[in-house]
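Okay, here's what each chain looks like letter by letter:
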Amino acid sequence: MTGNPIANQIAAQRGHLFLWVPVAMAVGIGVYFAVPQEPSGPILGIACGLGLLAAVLSWRGSETSGPLWAALALILLAFGWAGTRAHLVAAPVLEYRFYGPIQGRIVQIDRSISDKLRLTLDQVTLGDLSRHRTPARVRISLHGLPHDVESVTGLRVMTTGHLGPPSAPVEPGGFDFRRHAWFQQIGAVGYTRNPVLVVARPDARSPAVWLGQVRLSLSARLQARIPGQAGAMAAAIVTGDRSALSRETMDAMRNSNLAHLLAISGLHVGLLTGVVFGAVRAAIALVPPLALRWPGKKIAAICALLAAAGYLALSGGSVSTQRAFIMVAVMLAAVLADRRAITLRAVALAATLVLVLRPEALMGPGFQMSFAATTALVWTFGWLRAVDLPRVWRPLRVVGTLVLSSAVAGLATAPFAAAHFNQIASYGLIANLLAVPVMGSVVAPAAVLAGVLGLVGMAQPALWIMGQGITWILTVAGHVAGLQNALKFVPSPPAMFLPVFALGALWLMLWRTWSAVLGLAVIALAFGVWSRVERPFLLIAETGGLVGVMTQAGRALNKPRGDGYAALAWLENDGQDRDRIAAYDRAQADLDGKAMVVPVNSAQMRWASGRSAACASAQMLVTPTREISGPCLILDPDALRKSGALAIWGQQDAWRVEAAKVRAGNRLWTRAGQKDPAQALRIVESVRLALNAPPGQ
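This one's a predicted model, so the numbers in the text were calculated from it and none came from an experiment.

K.L.:
Whenever I open this one, the pattern of salt bridges confuses me. Can you help?
P.N.:
Opposite charge on two side chains permits pairing when their charged atoms draw close. Evaluation of the coordinates by the stated rule reveals 20 salt bridges. Linking glutamate 658 and arginine 663 is a salt bridge whose minimum nitrogen-to-oxygen distance equals 2.9 Å. One network of salt bridges, with partners in common, ties together Glu171, Arg535, Arg555 and Asp574.

What follows is the structure, given as structure tokens:
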């Protein structure tokens, strides 16, 4: 050891530096998504060039400088790759409201937040719109009368409906659906109230179409043989088809912290491969000649890997399932290489592969929560292995392991769930302790057994067992979600919370010296920043139809209906319940007929629609009605479309104004609806001047 403390710290990490590879990559990817201006091609090229240079310097560097240069290389290369990936998936985005004929091929069927059946189409044709301006994919919700749509991937359909570009954030800093849609190549979203007609049947010879038909046929058979919502959940966890799950079931699963059982992710793939691995290894061990001559452990690993690959294909290959398959494949490959399967190194390798294949996955809650839980579990049980614990009765050890696993996974994912979804399930640990063991010991084995027995037409007994297990899970979800104070709501954290918290937690778990405890200080700093978050005093929707004022009792909304998504998002981000009627009731004191007057400093903001849309004595008028004139600043839909939703904070005698489209920046996914960013800045400045104007001006 030298006298250089930095060199000593780095030297202590020898043999563990690979664990920091995905961390460095995540920093580079995070920087790309955080910058307000889209990096140009030359900038991305320079970043990659400097990254390669840093890689060379790391190879030639000393034991101290080499890892630092390697970290810089990974950050720069990940930054460049994230930008390159964003350009590679670029596709046209609809730039205006469209109503007319829509034709395309079904690639996905699911349900919207309002529980409407929803189709995602590719190979799209929109009326007379030219090919180079037509989105690669569109998503339409089916409203109106019940639609009899065949759930067949590859079916070409047509309808007449409304489309528009993916929506901007409903408030500055809010969730930007445009970015999510960009990487899925969804260039327009909308709805139809008209029938959906079949134009052409899919080519049954196509492997993708055949697999899709098998998947949906299996979903239908599961729902037919397992009645009610238990059958719908069985279809969801086996095939990924969640279209039959009711809104009540989805809400109960979310509110009890059991929604992860619906998404085909690490838990499901892990359970499947665990059951197959254990069954094959046990079958070989039961035959002594085979057990003595065959490598049972490796054969079981190969069978489990094949089962995971089949599950990936059968379930539709969603991003979460791909991520889970990569994690399981890495661990099974370690078994084949006679290495320990469940290690932090395996988790780091899986995370690295996911970030290389889909760097945008870093920004989603699925990636964050999945790897948070896995890393925390592997670290915790690795630490316990190193501690000489007294031996206990095996059943107690199993129960203790189960309780500890649920507690660790819940604690690791809770900050991410709270930050993304603004809620904490108070009894989530209890629900998971009651439901997850049934999922692992009853539902998953029964599903595998049903698949085997189904080959000879004898799957029904296994399906009955599977249905009983799922019924128990749904019962637990319903009871836990119905408990008093089952949900606690929290306000949205500042943008820096998750990166700071994640870095602190990773430092605590991955660093190999006493200084790892500094991670606790970083975590405390992150929560301290969150605890001081200030929500906007006034929120104005982009349509001009919705205004929300913060009161001592919570946010007050100016109307009980309309702009539903924005209203729900505002209440969630405030850390309040989703009771919109209660929010409307809070505004009654400020409402006068169809007008709402809000005092802001010495100025007034007035919301009004229709014939009531006039400045009166207000310095600023917000209205969904176009072509209104007057002596005050008028924010109608045409003006607000340029700025996006507005947020206003009070700072002593001055008011700070922020626009959603300014906050979102000039990125690839924001450019379709933002022709001139300077217009948004001018509107922000006009609002600020109006609200801070002296009385009488």
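K.L.:
Mind showing me how you'd approach the side chain of threonine 374 here?
P.N.:
By secondary structure assignment, the location of threonine 374 is in helix H14 (residues 365–385). For threonine 374, a relative accessible area of 17% gives the class buried. Here the side chain of threonine 374 touches serine 370 through a polar contact of 2.9 Å, landing on its backbone oxygen. Aside from chain neighbours lying at most four places away, what touches threonine 374 is Met327 and Val347.

K.L.:
How should I be thinking about the packing of helix H9 (residues 266–285) against helix H16 (residues 428–453) in this particular structure?
P.N.:
Pairs of packed helices are described in terms of their axes, by the angle between the two and the distance that separates them. Contact pair H9 / H16: the axes reach a minimum separation of 9 Å and the direction vectors enclose 70°. Relative to H16, the element H9 is oriented roughly perpendicular. The two elements H9 and H16 meet at a crossing, and its hand is right-handed. Taken together, the residues of H16 that come into contact with H9 (itself represented by His268, Leu271, Leu272, Val275 and Val276) are Met439, Gly440, Ala444, Pro445 and Val448.

K.L.:
I'm lost on the packing of aromatic side chains in this one. Help?
P.N.:
For any pair of aromatic rings, the description rests on two quantities: the centre-to-centre distance and the angle between the ring planes. Tallied over the full model, the rule gives 17 aromatic pairs. Aromatic side chains phenylalanine 183 and tryptophan 669 sit 6.0 Å apart centroid to centroid with 45° between the ring planes, which places their arrangement in the tilted category. Of this pair, phenylalanine 183 sits in helix H5 (residues 177–183) while tryptophan 669 sits in the loop between helix H23 (660–664) and helix H24 (677–691); the two residues are 486 residues apart in sequence, bridging distant segments of the chain. As far as the burial class goes, phenylalanine 183 and tryptophan 669 line up, both buried. When the ring of phenylalanine 527 is compared with that of tryptophan 530, the centres are 6.3 Å apart and the planes differ by 15°; the resulting orientation is stacked. With phenylalanine 527 and tryptophan 530 both in helix H19 (residues 518–531) and three residues apart, this pair spans about one turn of that helix. Judged by its relative accessible area of 10%, tryptophan 530 is buried. Aromatic ring contacts, followed pair by pair, group Tyr32, Phe33, Phe79, Phe183 and Trp669 into a single cluster. Sitting above the plane of the tryptophan 649 ring, arginine 656 keeps its charged end 4.2 Å from the centroid.

K.L.:
Even after reading the chapter, I still don't get the environment of arginine 358, so can you show me in this structure?
P.N.:
Tracing the backbone shows arginine 358 in the loop between helix H13 (344–357) and H14. Once the C-alpha coordinates of arginine 358 and valine 500 are considered, the two residues, 142 residues apart in sequence, prove to be 22 Å apart. Non-local contacts of arginine 358, meaning those with residues more than four positions away in its chain, are made with Arg85, Val319 and Gln322.

K.L.:
In this structure, what is going on with the state of the cysteines? I would like to understand it.
P.N.:
In protein chemistry, a disulfide is the covalent bond that joins the sulfur atoms of two cysteines. In the structure shown here, the tally under the stated rule is one disulfide. Between the sulfur atoms of cysteine 615 and its disulfide mate cysteine 632 the distance is 1.9 Å. Here the disulfide of cysteine 615 and cysteine 632 is left-handed, its torsion about the S-S bond being about -75°. Remark: cysteine 632 occurs in the loop between strand E15 (620–622) and strand E16 (633–635) and cysteine 615 occurs in the loop between strand E14 (603–608) and E15; sequence separation between them is 17 residues.

K.L.:
Help me out: how do you make sense of the confidence of the model for the protein chain in this one?
P.N.:
Low-pLDDT stretches of the model should not have their predicted coordinates read in fine detail. Per-residue confidence for the protein chain gives a mean pLDDT of 86; residues scoring 70 or more make up 94%. Mean pLDDT across the elements of the protein chain ranges from a minimum in strand E12 (residues 591–592), with 68, to a maximum in helix H2 (residues 21–34), with 96.

K.L.:
What's the story with a nonpolar patch on the surface in this structure? I'm lost.
P.N.:
Together, Ile43, Ile46, Leu50, Leu53, Leu57, Trp69 and Leu72 make up a nonpolar patch on the protein surface, roughly 600 Å² of accessible area in all. For the nonpolar patch, the leading source of residues is helix H3 (residues 41–60), giving five residues. Residue placement: leucine 72 occurs in helix H4 (residues 65–88).

K.L.:
Explain the pairing of strand E4 (residues 156–164) here, please?
P.N.:
Two strands pair when backbone bridges link them, and strand E1 (residues 98–111) and E4 are joined in this way by eight bridges, in the antiparallel orientation. Opposite glycine 100, over in E4, you have glycine 161 as the bridge partner. Direction of pairing for E4 relative to strand E6 (residues 197–200): antiparallel, over a ladder of three bridges. Across the sheet, the residue bridging to valine 157 is valine 198, located in E6. Here three bridges tie E4 to strand E5 (residues 186–192), and the two strands are oriented antiparallel to one another. Counterpart to histidine 162 in the pairing with E5 is tyrosine 191.

K.L.:
Help me out: how do you make sense of the nonpolar core in this one?
P.N.:
If you look at soluble globular proteins, the nonpolar side chains tend to sit buried side by side. Grouped together as the largest cluster of nonpolar side chains are 54 residues, with contacts concentrated most on Tyr32, Phe371 and Trp669. Setting aside anything within four residues of it in sequence, one finds tyrosine 32 in contact with Glu38, Pro39, Phe79, Ala82, Gly83, Ala86, Arg667, Leu668 and Trp669. Residues Met233, Ala234, Ala252 and Ile473 belong to the second largest nonpolar core, which totals 34 residues.

K.L.:
Any chance you could explain the side chain of threonine 670 here in plain terms?
P.N.:
If you trace the backbone, threonine 670 turns up in the loop between H23 and H24. One polar contact links the side chain of threonine 670 to the main-chain amide nitrogen of arginine 667, over a distance of 2.8 Å.

K.L.:
Quick question: what am I supposed to make of the environment of methionine 327 here?
P.N.:
The residue methionine 327 is located in helix H12 (residues 319–336) in this model. For methionine 327 and glycine 270, which are 57 residues apart along the polypeptide, the C-alpha to C-alpha distance reads 9.0 Å. Sequence-distant contacts of methionine 327, that is, excluding residues within four places in its chain, are made with Ala350, Ser370, Phe371 and Thr374.

Procedures and definitions
- Residues numbered from 1 in each chain as written.
- Predicted model: local features only at pLDDT ≥ 70, side-chain atom pairs only at ≥ 80, totals over all residues.
- Heavy atoms only, no water.
- Salt bridge = Lys/Arg side-chain N within 4 Å of Asp/Glu carboxyl O.
- Helix = DSSP H or I, 4+ residues; strand = E, 2+ residues; numbered from the N terminus.
- Buried < 20%, exposed > 50% of the residue type's maximum accessible area, 1.4 Å probe, protein only.
- Polar contact = N/O pair within 3.5 Å; in protein donor to acceptor, adjacent residues only side chain to side chain.
- Contact = heavy atoms within 4.5 Å.
- Axes fitted to C-alpha atoms, helices over the stretch in contact; angles between N-to-C directions.
- Parallel < 35°, antiparallel > 145°, perpendicular 65-115°, else oblique.
- Left-handed = near helix turned anticlockwise from the far one by under 90°.
- Phe/Tyr/Trp six-rings, centres within 6.5 Å; stacked < 30°, edge-to-face > 60°.
- Lys NZ or Arg CZ within 6 Å of the ring centre and 35° of its normal.
- Disulfide = S-S within 2.5 Å.
- pLDDT = per-residue confidence, 0-100.
- Patch = residues over 30% accessible without salt bridge, like charges linked within 9 Å, V, L, I, M, F, W, Y side chains within 5 Å.
- Areas by Shrake-Rupley, 256 points an atom, 1.4 Å probe, with all protein chains shown as cover.
- Pairing = 2+ DSSP bridges.
- Core = buried A, V, L, I, M, F, W, Y, C linked by side-chain atoms within 4.5 Å.

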